[in-house]
Amino acid sequence: MVMGATHAVSGAVLGLAVAQVLPPDWGGPTSTAEAFTFAGVCAGAALLPDLDTNQSTVARSFGPASKALAGGIDEASLWFYRLTRGRKDPKRRGGHRTLTHTALFAISLAFGVSALVVKFGQPAIVGTLFVTLGLALRGLAGGWAAKYGWLAVTAVAAGLSMLVWNWYPDEVGSRALGVAVGLGCAVHCLGDAITKEGVPFLAPFVPWRGRRWWELRLPSMLSIRAGGTFERAVLGPVLTLAAVGLVLWALQGVPEALTDALGEIRGKS
Ligand SMILES: [Zn+2]
């Protein structure tokens, strides 16, 4: 897999871009705060699939709670793998890189989160934001998170979520928040698929040569090495620049308001 930071930044880029184009009629974000929430959720969700083993860095995000959760998801994924595996799918001992790395999971979670947002409104939005921000912090600020530990990660994620809680308009926010979660999971799979290991993205629906859990990956010539030169020197900087550009795009209302204000001041003098 690519590095956690690459996963998180690619999620942020996708989230920022989709937040700008998703029509409000479909539950798309209608304010800058909502757009950033959407992007933050997408960035964190881009690490969520690795919550299927308690060995992963993201499993440490919320200390014992997320470790226990990851262990449970590992077991459930293994159970599902055994239930659905084809004749030629190999025997497995763990569930890592199975169920949470499929389109089935991304789509189910998207619908699940959207249903919660429609039913519970703001508390569901802030809850989703809290969990995904914790994961995003692990990915984006890995060194900081490792130094100060899971309590600091939890505190910062909680603080930021509370700020958003206060910002949000009273009516139900972006119903499409589930879309951000689903997109994050999908872009994680894409990130894993460009490295040599691949992901069983279409499992268990598309049998192929006796296997239902065959892995989608780039041909080895094109695939990149996780944490290698291409990721560090090209992919990482390009994604980061794209993220900065999209943040500025999302904030475009601010410069306009500034020039309007300046124009008014000039007009008066
Ligand atoms: Zn993964």
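Residues numbered from 1 in each chain as written. Predicted model: local features only at pLDDT ≥ 70, side-chain atom pairs only at ≥ 80, totals over all residues. Heavy atoms only, no water.

**Student:** Can you explain the UniProt feature "transmembrane region" (unreviewed entry) in the protein chain? Please cite residues and give values.
**Tutor:** According to UniProt, the "transmembrane region" (unreviewed entry) feature falls on residues 98-118, 124-141, 148-168 and 233-251. End-to-end, the C-alpha atoms of residues 98-118 are 29 Å apart, and along that stretch the chain is 76% helix and 0% strand. Within the segment residues 124-141, helix and strand shares are 94% and 0% respectively, and the terminal C-alpha atoms sit 25 Å apart. (UniProt positions renumbered as here; feature names shortened; annotations may be inferred. Helix = DSSP H or I, 4+ residues; strand = E, 2+ residues; numbered from the N terminus.)

**Student:** Describe the coordination of the zinc ion, with residues and values.
**Tutor:** Around the zinc ion, the protein contributes the donor atoms Asp50 (OD), His101 (NE2), His188 (NE2) and Asp192 (OD), at 2.1 to 2.3 Å from the metal centre. Between the four donor atoms coordinating the zinc ion, the angles at the centre fall across 90 to 169 degrees, so the site counts as irregular. Positions of the donor residues of the zinc ion, expressed as sequence spacing, correspond to D-x50-H-x86-H-x3-D. With Asp50 in the loop between α2 (32-45) and α3 (64-84) and Asp192 in helix α7 (residues 177-193), the pair connects residues that are 142 residues apart, well separated along the chain. (Donors = N, O, S within 2.8 Å, 3.2 Å for Na, K, Ca; no water. Tetrahedral: all angles 85-135°; square planar, octahedral: opposite > 155°, others 65-115°.)

**Student:** Run through the environment of Ala33, naming residues and quoting values.
**Tutor:** Tracing the chain through its elements places Ala33 in helix α2. Residue classification places Ala33 among the partly exposed residues on the basis of a relative accessible area of 23%. Between the C-alpha atom of Ala33 and that of Ala124, which follows or precedes it by 91 residues, the distance is 16 Å. (Buried < 20%, exposed > 50% of the residue type's maximum accessible area, 1.4 Å probe, protein only.)

**Student:** So, unusual backbone geometry: which residues are in play, and what are the values?
**Tutor:** Residues Ala203 and Pro204 are joined by a peptide bond in cis, for which omega reads -5 degrees. Counting through the fold element by element, Pro204 comes out in the loop between α7 and α8 (229-250). The backbone of Arg209 sits at a positive phi, close to 50 degrees, despite the residue not being glycine. Position of Arg209 relative to the elements: it lies in the loop between α7 and α8.

**Student:** Could you give me a rundown of the side chain of Ser10, with the residues and numbers involved?
**Tutor:** For Ser10, the location among the structural elements is in helix α1 (residues 4-21). Not counting residues up to four positions away in its chain, the partners in contact with Ser10 are Val187 and Leu239. (Contact = heavy atoms within 4.5 Å.)

**Student:** Talk me through the environment of Ile125; I want residue IDs and the actual numbers.
**Tutor:** By the element assignment, Ile125 lies in helix α5 (residues 122-140). Counting along the chain gives 84 residues from Ile125 to Val41, while the straight-line C-alpha distance between them is 9.5 Å.

**Student:** Could you give an account of the side chain of His101, with specific residues and numbers?
**Tutor:** Residue placement: His101 occurs in the loop between α3 and α4 (103-120). Looking at His101, the relative accessible area reads 0%, which means it is buried. There is a polar contact of 3.2 Å between the side chain of His101 and the side chain of Asp50. (Polar contact = N/O pair within 3.5 Å; in protein donor to acceptor, adjacent residues only side chain to side chain.)

**Student:** Summarise the packing of α4 against α5; cite the residues concerned and give the values.
**Tutor:** Two measures define how a pair of helices packs: the angle their axes make with one another and the distance between the axes. Following both chains from N to C, one finds α4 and α5 inclined at 140 degrees, their axes separated by 6 Å at the closest point. Here α4 lies oblique to α5, going by the angle between them. Of the residues in α5, those touching α4 at Val113, Leu116, Val117 and Phe120 are Gln122, Pro123, Ala124, Ile125 and Thr128. Residue composition of the contact of α4 with α5, by class: seven nonpolar, two polar and no charged. (Axes fitted to C-alpha atoms, helices over the stretch in contact; angles between N-to-C directions. Parallel < 35°, antiparallel > 145°, perpendicular 65-115°, else oblique. Nonpolar A, V, L, I, M, F, W, Y, C, P; charged D, E, K, R; others polar.)

**Student:** So, a nonpolar patch on the surface: which residues are in play, and what are the values?
**Tutor:** Residues Trp144, Tyr148, Val156, Leu160 and Leu163 make up a contiguous nonpolar surface patch of roughly 450 Å² in combined accessible area. Structurally, Leu163 is set in helix α6 (residues 142-167). (Patch = residues over 30% accessible without salt bridge, like charges linked within 9 Å, V, L, I, M, F, W, Y side chains within 5 Å. Areas by Shrake-Rupley, 256 points an atom, 1.4 Å probe, with all protein chains shown as cover. Salt bridge = Lys/Arg side-chain N within 4 Å of Asp/Glu carboxyl O.)

**Student:** Can you lay out the state of the cysteines for me, pointing to particular residues and giving the numbers?
**Tutor:** Under the definition given, this model contains zero disulfides. A disulfide-free cysteine, Cys185 has its sulfur positioned 7.1 Å from the sulfur of Cys189, the nearest such atom. In this structure Cys185 comes out as buried when scored by relative accessible area, which is 0%. (Disulfide = S-S within 2.5 Å.)

**Student:** Outline the packing of aromatic side chains, supporting the account with residue identities and numerical values.
**Tutor:** The final tally for this structure, using the stated rule, is five aromatic pairs. Geometrically, the ring pair formed by Trp144 and Tyr148 is tilted, given 6.1 Å between the ring centres and 45 degrees between the ring planes. Of this pair, Trp144 and Tyr148 both sit in helix α6, four residues apart, roughly one helical turn. Of the aromatic side chains, those joined through ring pairs into one cluster are Phe80, Tyr81 and Trp213. One cation-aromatic arrangement involves Arg92 over Tyr81; the distance from NZ or CZ to the ring centre is 5.5 Å. (Phe/Tyr/Trp six-rings, centres within 6.5 Å; stacked < 30°, edge-to-face > 60°. Lys NZ or Arg CZ within 6 Å of the ring centre and 35° of its normal.)

**Student:** So what about α5? Which residues, and what values?
**Tutor:** Compared with the 27 Å implied by 1.5 Å per residue over 19 residues, the 26 Å span of α5 between its first and last C-alpha is a close match. In terms of burial, α5 is largely enclosed, as 14 of its 19 residues are buried. (Expected span 1.5 Å × (residues − 1).)

**Student:** How would you explain the nonpolar core if you had to name every residue and give the values?
**Tutor:** Across soluble globular proteins, you tend to see nonpolar side chains buried next to one another. Judged by nonpolar contacts, the single largest core of 24 residues is most densely connected at Phe38, Val41, Val117 and Leu177. Sorting the residues of this core by element identifies α1, α2, α4, α5, α6 and α7 as the ones contributing at least two each. Beyond its immediate sequence surroundings of up to four residues, Val41 is in contact with Thr128, Leu129, Thr132, Leu177, Ala180 and Val181. Formed by 11 residues, the second largest nonpolar core is a distinct cluster that contains Leu47, Leu48, Leu51 and Phe105. (Core = buried A, V, L, I, M, F, W, Y, C linked by side-chain atoms within 4.5 Å.)

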